[in-house]
Amino acid sequence: MGRQEAPTRPALPPHKRLALITGGARRLGAHLARMLADDGWAVVVNYRSSDAAAARLVDELAAKGGYARAIRADVSDKVDVATMFASIDQVEGRLDLLINNVGIYQPKPLPQVTPEDWDAHLQTNLSGAFYCCYSALPMLQQTNGSIVNIGYAGVDALRANPHATPYEVSKVGLLALTKAIAASYGPHGVRANMLSPGHLSNSIDLPDDMDAEVPLRRAGTLDDMAQALRYLLSAEYVTGQSLDVAGGYRL
Ligand SMILES: NC(=O)c1ccc[n+]([C@@H]2O[C@H](COP(=O)([O-])OP(=O)(O)OC[C@H]3O[C@@H](n4cnc5c(N)ncnc54)[C@H](OP(=O)(O)O)[C@@H]3O)[C@@H](O)[C@H]2O)c1
């Protein structure tokens, strides 16, 4: 269930743009939240179980003079998601950017994948993103806002990934959703794109030989992702695209 964290919080300053980042309490999501706050955005940080990390991030951003709020919601639960957006509508009253950052990744060879593994990836990474887009789009049309879905490098080339098939399928589906939203809502002033990392330096399964897999011969950093997000937010004529931030991985 979405829940407001700080009853004494000051109101969102007028004309301040608001971003919601799902799974934003830690790692990539938190880094993008910090970057947006540095650029003057107000931020709502969604989390599921990282209460303490979300509260620390909100305090950190508020201490720097920004507006931030944390909302707990399981994005795979459509009631939770609807409650989270009702809270944003009520408290902040606007939304300019949705970043669907949640993406579970539990790699295993396809012969070992169970229906439960399949459902977890599709429900969290794809249905969860759809639920958020569904609730966000009416608000984004009011602000000429945009959606950035976090993908995975090479997702637009549709190659086999037998070591993480449910994950791959969820991200390919997310790309199809991104393009369909871009086509349907462009006339209503909303852009939708995908930002697709390869191996980030905090990945749980970095390859032994990075040089052999990544032409630019290093893992990506969270700053590489923030830089690409800044580009996507500024590129007003770009929609329906997946931008690989991957040093050439999976070309
Ligand atoms: N890291 C990489 O190398 C890499 C590479 C390619 C693509 N990506 C993509 O980049 C994105 C972020 O990656 P990451 O490694 O930073 O992610 P992560 O650490 O695995 O997960 C980020 C957050 O997602 C939240 N989350 C998971 N299930 C949720 C749910 N049902 N509802 C709400 N929140 C949920 C968790 O929140 P709580 O902690 O609150 O439970 C977690 O903190 C993902 O979409 C991933 O697929 C990452």
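Residues numbered from 1 in each chain as written. Predicted model: local features only at pLDDT ≥ 70, side-chain atom pairs only at ≥ 80, totals over all residues. Heavy atoms only, no water.

Colleague: Would you mind showing me how to read the layout of surface pockets here?
Modeller: Where empty space is left can be seen by rolling a probe of water-molecule size over the atoms. The computed volume of the largest pocket comes to approximately 1300 Å³. In terms of lining, the largest pocket is formed by 46 residues, of which the most central are Arg27, Gly103, Ile104, Tyr105 and Tyr167. Of all elements in the fold, only helix H1 (27-38), strand E2 (42-47) and helix H5 (165-185) reach the threshold of two or more residues within the lining of the largest pocket. It is H1 that contributes the most residues to the lining of the largest pocket, three residues altogether. Taken together, the residues of the lining of the largest pocket sort by class into 20 nonpolar, 17 polar and nine charged. The computed volume of the second largest pocket comes to approximately 340 Å³. Together, 16 residues line the second largest pocket, and Asn144, Ser146, Arg191, Leu233 and Glu236 are the ones closest to its centre. Per-element tally for the lining of the second largest pocket: the top contributor is helix H7 (residues 222-234), with three residues. Counted by class, the lining of the second largest pocket contains three nonpolar, seven polar and six charged residues. (1 Å grid on protein atoms, 1.4 Å probe; cavity = no way out; pocket = protein on both sides within 12 Å on 5 of 7 lines; lining within 4 Å. Points joined across faces, edges and corners; volume = space filled by probe spheres on them. Helix = DSSP H or I, 4+ residues; strand = E, 2+ residues; numbered from the N terminus. Nonpolar A, V, L, I, M, F, W, Y, C, P; charged D, E, K, R; others polar.)

Colleague: For this particular structure, what's the right way to read the pairing of strand E4 (residues 97-100)?
Modeller: Look at any regular strand and the pattern is simple: side chains alternate between the two faces of the sheet. Burial along E4 is two-sided: the residues Leu97 and Ile99 and Leu98 and Asn100 are all buried. Of the pairings in the sheet, the one linking strand E1 (residues 18-21) to E4 comprises three bridges and is parallel in character. Residue pairing across strands places Ala19 opposite Leu97, the latter belonging to E4. Both E4 and strand E5 (residues 146-150) contribute to a ladder of four bridges, which runs parallel. Within the sheet, the bridge partner assigned to Asn100 lies in E5 and is Asn149. For the crossover from E4 across helix H4 (residues 115-143) to E5, the handedness is right-handed. (Buried < 20%, exposed > 50% of the residue type's maximum accessible area, 1.4 Å probe, protein only. Pairing = 2+ DSSP bridges. Right-handed = clockwise from strand over helix to strand, strands pointing away.)

Colleague: Can you help me understand the packing of H1 against H7 in this one?
Modeller: Helices that pack against each other are described as a pair by the angle of their axes relative to one another and the distance between those axes. Close contact between H1 and H7 brings their axes to 10 Å; oriented N to C, the two are set at 50 degrees. In this view, H1 runs oblique relative to H7, as classed from their interaxial angle. Handedness of the crossing formed by H1 with H7: right-handed. Here H1 contributes Arg27, Leu28, His31, Leu32, Met35 and Leu36 to the contact with H7, which in turn contributes Leu222, Asp223, Met225, Ala226, Leu229, Arg230 and Leu233. (Axes fitted to C-alpha atoms, helices over the stretch in contact; angles between N-to-C directions. Parallel < 35°, antiparallel > 145°, perpendicular 65-115°, else oblique. Left-handed = near helix turned anticlockwise from the far one by under 90°. Contact = heavy atoms within 4.5 Å.)

Colleague: Got a minute to help me understand the side chain of Thr124 in this structure?
Modeller: Tracing the backbone through its elements, the reader meets Thr124 in helix H4. Within the local environment of Thr124, its side chain forms a polar contact with the backbone oxygen of Ala120, the two atoms lying 2.9 Å apart. When neighbours within four sequence positions are excluded, Thr124 is seen to be in contact with Val75, Ser76, Val102, Ile104, Asp119 and Ala129. (Polar contact = N/O pair within 3.5 Å; in protein donor to acceptor, adjacent residues only side chain to side chain.)

Colleague: Explain the packing of H4 against H5 here, please?
Modeller: At a minimum axis distance of 8 Å, the contact between H4 and H5 shows a crossing angle of 15 degrees. One element, H4, and the other, H5, form an angle in the roughly parallel class. Our pair here, H4 against H5, has a crossing hand that is right-handed. Judged by residue contacts, Asp117, Trp118, His121, Leu122, Asn125, Leu126, Ala129, Phe130, Cys133, Leu137 and Gln141 of H4 engage Thr165, Pro166, Tyr167, Val169, Ser170, Gly173, Leu174, Leu177, Ile181 and Tyr185 from H5. Residues belonging to the contact of H4 with H5 are distributed by class as follows: 14 nonpolar, six polar and one charged.

Colleague: Can you walk me through the packing of aromatic side chains in this structure?
Modeller: The way to describe two aromatic rings as a pair is by their centre distance and the angle between their planes. Inspection of every chain in the model, using the stated rule, returns four aromatic pairs. Ring centres 4.7 Å apart and planes at 65 degrees place the aromatic pair Tyr105 and Tyr167 in the edge-to-face group. Here the residue Tyr105 occupies a position in the loop between E4 and H4, and Tyr167 occupies one in helix H5, the gap between them amounting to 62 residues. Under the relative-accessibility criterion, Tyr105 is labelled partly exposed at 25%. Judged by centre distance (5.3 Å) and plane angle (75 degrees), the rings of Tyr152 and Tyr167 are edge-to-face. Pair noted here: Tyr152 is in the loop between E5 and H5 and Tyr167 is in helix H5, with a separation of 15 residues, a long-range link. According to the relative accessible area criterion, Tyr167 is buried, its value standing at 9%. One aromatic cluster is present, formed by Tyr105, Tyr152 and Tyr167 through successive ring pairs. (Phe/Tyr/Trp six-rings, centres within 6.5 Å; stacked < 30°, edge-to-face > 60°.)

Colleague: What exactly am I supposed to notice about the site of the ligand here?
Modeller: For the ligand, the set of nearby residues contains 27 residues, the closest of which are Arg27, Ser49, Ser50, Asp74 and Tyr167. Here Asp74 contributes a side-chain N or O atom positioned 2.8 Å from a nitrogen atom of the ligand. A distance of 3.2 Å separates a nitrogen atom of the ligand from a polar side-chain atom of Asn202. Surface burial for the ligand is 91%, taken as the share of its 890 Å² of free accessible area covered by protein chains. In this structure the site holding the ligand corresponds to the largest pocket. Put simply, the parts of the chain that give the shell around the ligand at least two residues each are H1, E2 and H5. Residues that form the shell around the ligand fall into these classes: 11 nonpolar, 11 polar and five charged. (Near = heavy atom within 4 Å. Areas by Shrake-Rupley, 256 points an atom, 1.4 Å probe, with all protein chains shown as cover. Sits in = over half its atoms within 2 Å of the grid points.)

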